[in-house]
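These are the residues of each chain, in order.
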Amino acid sequence: METQRKPLSTKNIGGSKLPMPGSRLKPPQSVSVKRSRSSEEDSAIVSNPNPGKKFRSEAPPAKMSRSVSVSSLNSTRSTRPANNAMVKTQRRPPPRPAGANLSVTISGMPSKSAPPKKPPPGPAVPKAAAAGGKKRAAWDLKGRLQDMEQVLQHRDQVSSTLQVQLESYNNRINMLESQNTQLSGTVAEKEQLSTEVYKENQEVIRKLRATQDELDDMKRKFQREIEDLNFSKSSLQRQKENLEGEVSAYQKEVSGLKSSIAEVSSAQAKIGAELEATKLGLSQSEARGRDKDTEISRLNSVVAELERVIEEQNRQKREHETERRKLHNLVQELKGNIRVFCRVRPLLGDETIASDGVIHHMNFPDLDGRVMELEKLGDASLNESSLAASRRGQNKYDFTFDKVFQPETTQSEVFEEIAQLVQSALDGYNVCIFAYGQTGSGKTYTMEGGSVDDDLTMGMIPRAVQQVFSTARDLEEKGWQYQLDASMLEIYNETIRDLLSEEDMKHEIKMTGNGSTETIVSNLTVISVQTESQIHKLLKKATHNRAVAETRCNERSSRSHSVFQLKLRGSNELTGENCSGILSLVDLAGSERVKDSGSEGQRLKEALAINKSLSNLGNVIMALGNKDNHVPYRNSKLTYLLQNSLGGNSKTLMFVNVSPKEECFQETLNSLRFATKVNQCNIGTAQKKAK
Ligand code: ADP
Ligand code: MG
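Note that the structure is predicted; figures quoted are calculated from it, not measured.

### Re the overall build of the protein chain
Here's step 1: In terms of regular secondary structure, the protein chain is built from 14 helices and 16 strands.
Here's step 2: Relative to its 691 residues, the protein chain shows a buried fraction of 37%.
Here's step 3: Taking all contacts inside the protein chain whose residues are at least 6 apart in sequence as the whole, residues at least 24 apart take part in 73%.
Here's step 4: Total accessible area computed for the protein chain in this model is approximately 41,400 Å², and 53% of it derives from carbon and sulfur atoms.

Spelled out as structure tokens, the structure:
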């Protein structure tokens, strides 16, 4: 920052107020310019800061003139005696600025222009005159003369006094003149000196200015330097603070690293310990491994022994299986090869209304569930003889079957009773299950049931299939592999129709194999099945095809027999055994009697066909029971188709389905009589079909 330079004043120069270090100015010293001095005058002596040099005022020196100097200063010393006419230079004034008066006093010298205020002492003026007392009376001439003499006297005295004074003044004038002469020389000297001093002064001032400038420059420079230094200082301060911050951060980092190092080293120590433990464990494991190797070889020999034992047990198991089959067959034979189950369906919907939900004409008296009592209940239409017959017990009919299923019996309970027959089919027996009964008695419900996905209503066919598959899987353990072929057909008016095909083909029943032991139907769709779902699919297809046929011919399903057949061929690679069985499930046409009279055309033809096939079925079964030489299989398509499943090595089960409705009494009675006839037949010992 530029500092403003102050104007250099004489005071500044003359005073000792220039404390600049390094100033070339010497300390001030007093100087006197008068020739002589008294102690009184010392105080008034002008100080000269530089006695070596002449000190000069900046202003030009005042013109020293006698008139000025003398005239201005008289009064102060007017009390001095006139004879003390000593001219002194009272004082040498300090250098002054322009216009300052140079004060010179000449003591004892009155001013020419202004007389002294008091006259010098002289002869006393007469009192009267002087006092201007009482004027003398005009008559007092003597007195007035005396006064005049006194005045004259006084005038003389004054005159002489003045004479003396005049002389004294003249003396002083002379002296002053000589002094003046002297002083004139001195003044010239002084003026010259003053000029020199002024010059010197100017030079000094110039130098001082230069010095001042220099100093100012230096000052500025120093100031700048100071500012720079301050700036540097503050930046250094900041750097220092930054560095301190960094240092503390580093210190923190270092302490963090130290703790990390400590952690790492403790972890290392831990790992080392673990490593040692692992090494120890490893060596122990190695030792154990060696032990294990011996153990393994020992166990291997044990396993080999066990395998041998298992193989032996399997062999025994197979022997047992063969034995079981033999025994099973024996049991079946003892039970008889034809069995009859009676099933009464429940009352449905509106049927419950008429009888309050109670089946009044049926009784199930025994606990074994084999007997069914059918009673002809009296009504208004009954005649006298009937009532008498009833009273005699003639209207009551007892029937005994292998099983009587009451209305509330579930599908699964029914299946439990036929499960063993299904097992027989896997064992290589031909198994035939019929459902016989009037239309609406529950044949289709029993055989097919509701949906295959509904465990409650699922019928015997899907349940039998389920069992075949699960048993075949179990038998795989014993070395058995099964090939399953499924087909489904219907016999309507003595004509075979393939239910697994939409095509209308002609189908013929043929006997093949040694001694016509095998029955085949030409052009029939036979599907090799691996899974249950495949069978479910084809059952659905058959149902669909039947429904289509139903729309073309009213009530066709009740006038046709539907036959589901599953051919099971098993082979056991381990035992070398083979077996072949056929499981046939037949939903027979409605057994209700069709009155020949009143029926004509198609309806009559149907009725005759049904009657023929159903009665022929009865005839065949009875011929088998009677061990007739001729069994009329060929009299109907159904019996011909089932030739190898009826009699001989076959097992036959007949469901007699009856309706609980009282109005169906007669048809129920007919069905039960037919079933009883079948039940009384002993078809003979079934023989396993083995190749
Ligand atoms: P069918 O085949 O002998 O003509 P259905 O099997 O068609 O007779 O049965 C006739 C009706 O009775 C069907 O609606 C069937 O669902 C029903 N039904 C048959 N048996 C039973 C039963 N045990 N439980 C429940 N409903 C049955
Ligand atoms: Mg039916």
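### Section: the packing of aromatic side chains
Here's step 1: The full count for this structure, using the stated rule, is seven aromatic pairs.
Here's step 2: Ring geometry for phenylalanine 341 against phenylalanine 655: centres 5.8 Å apart, planes inclined by 75°, an arrangement best described as edge-to-face. With phenylalanine 341 in strand 3 (residues 338–344) and phenylalanine 655 in strand 16 (residues 650–658), this residue pair connects regions lying 314 residues apart in the sequence.
Here's step 3: Using a relative accessible area of 4% as the deciding quantity, one classes phenylalanine 341 as buried.
Here's step 4: The interplanar angle of 10° and the centroid separation of 4.1 Å between the aromatic rings of tyrosine 436 and phenylalanine 674 together place this pair among those described as stacked. Of this pair, tyrosine 436 sits in strand 8 (residues 430–437) while phenylalanine 674 sits in helix 14 (residues 665–679), placing them 238 residues apart in sequence. Each of the two residues, tyrosine 436 as well as phenylalanine 674, counts as buried.
Here's step 5: Grouped by ring-pair contacts, the aromatic residues Phe341, Phe405 and Phe655 constitute a single cluster.

### A short note on the environment of tyrosine 482
Here's step 1: Among the secondary structure elements, tyrosine 482 is positioned in strand 9 (residues 480–492).
Here's step 2: Assessed through its relative accessible area of 17%, tyrosine 482 is described here as buried.
Here's step 3: Distance from tyrosine 482 to cysteine 579, taken between C-alpha atoms, is 9.2 Å for residues 97 residues apart in sequence.
Here's step 4: The residues contacting tyrosine 482, other than those within four sequence positions of it, are Arg325, Leu426, Ala472, Leu475, Leu568, Arg569, Gly570 and Cys579.

### Here we look at the site of ligand 1
Here's step 1: The local shell around ligand 1 consists of Arg343, Arg345, Pro346, Leu348, Gln438, Thr439, Gly440, Ser441, Gly442, Lys443, Thr444 and Tyr445.
Here's step 2: Take serine 441: an N or O atom from its main chain is 3.4 Å from an oxygen atom of ligand 1.
Here's step 3: A distance of 2.7 Å separates an oxygen atom of ligand 1 from a polar backbone atom of tyrosine 445.
Here's step 4: Contact with the protein chains covers 71% of the free accessible surface of ligand 1, which is 550 Å².
Here's step 5: Here the residues of the shell around ligand 1 sort into three nonpolar, six polar and three charged.

### So, helix 14
Here's step 1: Here helix 14 spans 21 Å end to end across 15 residues, near enough to the 21 Å set by a 1.5 Å rise per residue.
Here's step 2: With eleven of 15 residues buried, helix 14 lies mostly within the body of the structure.
Here's step 3: Taken as a whole, helix 14 has its buried residues at Phe665, Glu667, Thr668, Leu669, Asn670, Ser671, Leu672, Phe674, Ala675, Thr676 and Val678.

### Section: the side chain of serine 591
Here's step 1: With respect to the helices, strands and loops of the structure, serine 591 is situated in the loop between strand 15 (578–587) and helix 12 (601–625).
Here's step 2: On the accessibility criterion, serine 591 (8% relative accessible area) is buried.

### Focus: the pattern of salt bridges
Here's step 1: This structure, assessed with the given rule, holds 20 salt bridges.
Here's step 2: Across the pair glutamate 508 and lysine 506 runs a salt bridge whose closest N-O atoms are separated by 3.2 Å.
Here's step 3: When its relative accessible area of 36% is taken as the criterion, glutamate 508 is described as partly exposed.
Here's step 4: What makes lysine 506 exposed here is its relative accessible area of 63%.
Here's step 5: Each of the salt bridges in this network shares a partner with another, and the network as a whole consists of Glu448, Glu490, Arg497, Arg546 and Asp587.

### What about a negative patch on the surface?
Here's step 1: Residues Glu408, Glu413, Glu416 and Glu417 make up a contiguous surface patch of negative charge.
Here's step 2: Along the chain, the position of glutamate 417 falls in helix 8 (residues 411–426).
Here's step 3: Residue class for glutamate 417 comes out partly exposed when judged on its relative accessible area of 33%.

### Describing the confidence of the model for the protein chain
Here's step 1: Here the protein chain shows a mean pLDDT of 78. Residues at 70 or above account for 74%.
Here's step 2: Ignoring residues within four places in sequence, the model shows residues 1–120, a span with pLDDT below 50, making 165 contacts including any to other chains.

### Quick look at helix 8
Here's step 1: Its 16 residues give helix 8 an end-to-end C-alpha distance of 22 Å, which sits within 8% of 22 Å, the value for a rise of 1.5 Å per residue.
Here's step 2: In the stretch just after helix 8, glycine 428 is the one whose phi turns positive, near 105°.

### Observations regarding the sheet that holds strand 5 (residues 371–375)
Pairing between sheet strands relies on hydrogen bonds along the backbone, with the strands arranged either parallel or antiparallel.
Here's step 1: Spatial ordering of the open sheet is given by 4-5-6, a layout of three strands whose pairing is antiparallel. A strand with exactly one partner marks an edge of an open sheet, and here the two such strands are strand 4 (362–363) and strand 6 (396–400).
Here's step 2: Of the pairings in the sheet, the one linking strand 5 to strand 6 comprises five bridges and is antiparallel in character. By the bridge assignment, valine 371 is partnered in strand 6 with threonine 400.

### Looking at the pairing of strand 14 (residues 560–572)
Here's step 1: Most of strand 14 sits out of view: eleven of its 13 residues are buried.
Here's step 2: Taken together, the 13 bridges between strand 9 and strand 14 define a ladder with antiparallel strand orientation. Across the sheet, the residue bridging to leucine 489 is valine 563, located in strand 14.
Here's step 3: Bridge analysis of strand 14 against strand 15 gives ten bridges, and the strand direction is antiparallel. Looking at strand 15, one finds that glycine 570 is bridged to cysteine 579.
Here's step 4: With antiparallel pairing between neighbouring strands as the criterion, strand 14 and strand 15 make up a hairpin whose turn holds five residues, including glycine 576 at a positive phi of roughly 75°.

Reading the values: the criteria
- Residues numbered from 1 in each chain as written.
- Chains lettered and ligands numbered in written order.
- Predicted model: local features only at pLDDT ≥ 70, side-chain atom pairs only at ≥ 80, totals over all residues.
- Heavy atoms only, no water.
- Helix = DSSP H or I, 4+ residues; strand = E, 2+ residues; numbered from the N terminus.
- Buried < 20%, exposed > 50% of the residue type's maximum accessible area, 1.4 Å probe, protein only.
- Contact = heavy atoms within 4.5 Å.
- Areas by Shrake-Rupley, 256 points an atom, 1.4 Å probe, with all protein chains shown as cover.
- Phe/Tyr/Trp six-rings, centres within 6.5 Å; stacked < 30°, edge-to-face > 60°.
- Near = heavy atom within 4 Å.
- Polar contact = N/O pair within 3.5 Å; in protein donor to acceptor, adjacent residues only side chain to side chain.
- Nonpolar A, V, L, I, M, F, W, Y, C, P; charged D, E, K, R; others polar.
- Expected span 1.5 Å × (residues − 1).
- Salt bridge = Lys/Arg side-chain N within 4 Å of Asp/Glu carboxyl O.
- Patch = residues over 30% accessible without salt bridge, like charges linked within 9 Å, V, L, I, M, F, W, Y side chains within 5 Å.
- Lys, Arg positive; Asp, Glu negative; His and termini not counted.
- Charge placed at Lys NZ, Arg CZ, Asp CG, Glu CD.
- pLDDT = per-residue confidence, 0-100.
- Pairing = 2+ DSSP bridges.

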